[in-house]
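Summary of the model geometry
Single-letter residue listing:
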Amino acid sequence: MRKLLLKRIHSGEWAPGAIIPVEADLAVEYGCSRTTVNRALRQLAEAGIVERRRKRGTRVNPTPVARTTLEIPIIRQEVTDRGGDYSHHILLQEMAPAPAFVYAKLGLPDQDLLHLETLHLSDNRPYMVEDRWVNVDAAPHIKTAPFDKISPNEWLVQEVPYSDGEISFSACAADERVAELLEVKVGTPLFLVERTTWMDGSPITTLKMYYTEGFRMSSRL
């Protein structure tokens, strides 16, 4: 799919600055799923060939530039790539009111969201704690997802396409709850990743991931 879209850009059918048809129309045209189209457009955006803007659609980048690629990682794969044996535990799964900062992040009014807390393990040792809030209107099938077999992280990557997102990296000190789960002392420095994703302006999920000290993240340029 990526090659087909790229061919239309290189041929001049979609000129620099041109708006590309929406994912639903492209899926019908090519006889494929919207997820497939989304993945291809996301790859083009990561390469700097197209620009994707919430509520403004996708257009061919007038001045293509190289960009850093930061894909949403599948934690299971992340662990196994490091030589570990992956497993996970769902610690919390409930529909509940969210804190004010979550509504602000997602741009949603007060409403119940799906709250998921997951402990990811490598060789049966704590690897990362994931604290996630999900807008079930954007992912209705998540309520019946088999989280005993697949983590929320991997299920969402596979089943729910996204058009854009925000991500930040920082350090934090382990509070009592996170310290207990990661089996470290309260106040231990941790690597914190915060991420929020949308699909055409509709919020999907926002989460915090707390990694044990010593964790390193790499990216392709």
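Structure's up top.
Reading the values: the criteria
- Residues numbered from 1 in each chain as written.
- Predicted model: local features only at pLDDT ≥ 70, side-chain atom pairs only at ≥ 80, totals over all residues.
- Heavy atoms only, no water.
- Axes fitted to C-alpha atoms, helices over the stretch in contact; angles between N-to-C directions.
- Helix = DSSP H or I, 4+ residues; strand = E, 2+ residues; numbered from the N terminus.
- Parallel < 35°, antiparallel > 145°, perpendicular 65-115°, else oblique.
- Contact = heavy atoms within 4.5 Å.
- Nonpolar A, V, L, I, M, F, W, Y, C, P; charged D, E, K, R; others polar.
- Buried < 20%, exposed > 50% of the residue type's maximum accessible area, 1.4 Å probe, protein only.
- Arc of directions from axis to C-beta.
- Salt bridge = Lys/Arg side-chain N within 4 Å of Asp/Glu carboxyl O.
- Pairing = 2+ DSSP bridges.

**Describing the packing of helix 1 (residues 2-10) against helix 2 (residues 23-30)**
The N-to-C vectors of helix 1 and helix 2 enclose an angle of 105°; their axes lie 12 Å apart at closest approach. It follows that helix 1 is roughly perpendicular to helix 2 by the angle criterion. Facing helix 1, whose interface residues are Leu4, Leu5 and Arg8, helix 2 presents Leu26, Glu29 and Tyr30. Across the contact of helix 1 with helix 2, the residue classes break down as four nonpolar, no polar and two charged.

**Notes on helix 2**
Of the positions making up helix 2, those classed as buried are Glu23, Leu26 and Ala27. Buried residues of helix 2, seen end-on, are gathered within an arc of 105° and therefore sit on one face of the element. On the buried face of helix 2, the contacting elements are helix 1, strand 1 (19-20), helix 3 (34-46), strand 2 (50-53) and strand 8 (189-199). Just beyond helix 2, the residue with positive phi is Gly31, at close to 65°.

**Structural notes on the environment of Ala96**
With respect to the helices and strands, the residue Ala96 is situated in strand 4 (residues 86-97). Measuring from C-alpha to C-alpha, the distance between Ala96 and Leu113 comes to 5.6 Å, with 17 residues separating the pair along the chain. With residues up to four places along the chain from it excluded, the contact list for Ala96 reads Gln111, Asp112, Leu113 and Trp133.

**What to know about the pattern of salt bridges**
Inspection of every chain in the model, using the stated rule, returns 10 salt bridges. In this structure, Glu23 engages Arg34 in a salt bridge whose closest nitrogen and oxygen atoms are separated by 3.3 Å. Residue Glu23 is found in helix 2, and its partner Arg34 is found in helix 3; the two are separated by 11 residues along the sequence. Take Glu23: its relative accessible area is 3%, and that puts it in the buried class. Note that Lys149 is salt-bridged to Asp148, the shortest N-O span being 3.5 Å. According to the relative accessible area criterion, Lys149 is exposed, its value standing at 69%. Among the ionic contacts, a cluster of salt bridges with common partners joins Arg8, Glu13 and Glu29.

**Observations regarding the sheet that holds strand 5 (residues 112-122)**
One open sheet holds the six strands; their spatial order is 4-5-6-9-8-7, and the pairing between them is antiparallel. Looking at the sheet topology across the chains shown, the edges are occupied by strand 4 and strand 7 (164-173). With direction set aside, neighbouring strand axes in the sheet form an average angle of 15°. Relative to strand 9 (residues 202-211), strand 6 (residues 125-134) runs antiparallel, the two being bridged by seven bridges. Its bridge partner lying in strand 9, Met128 is registered against Tyr211. Packing against the sheet, helix 6 (residues 152-159) makes contact with strand 4, strand 5, strand 6 and strand 8, and its axis sits at approximately 50° to strand 6.

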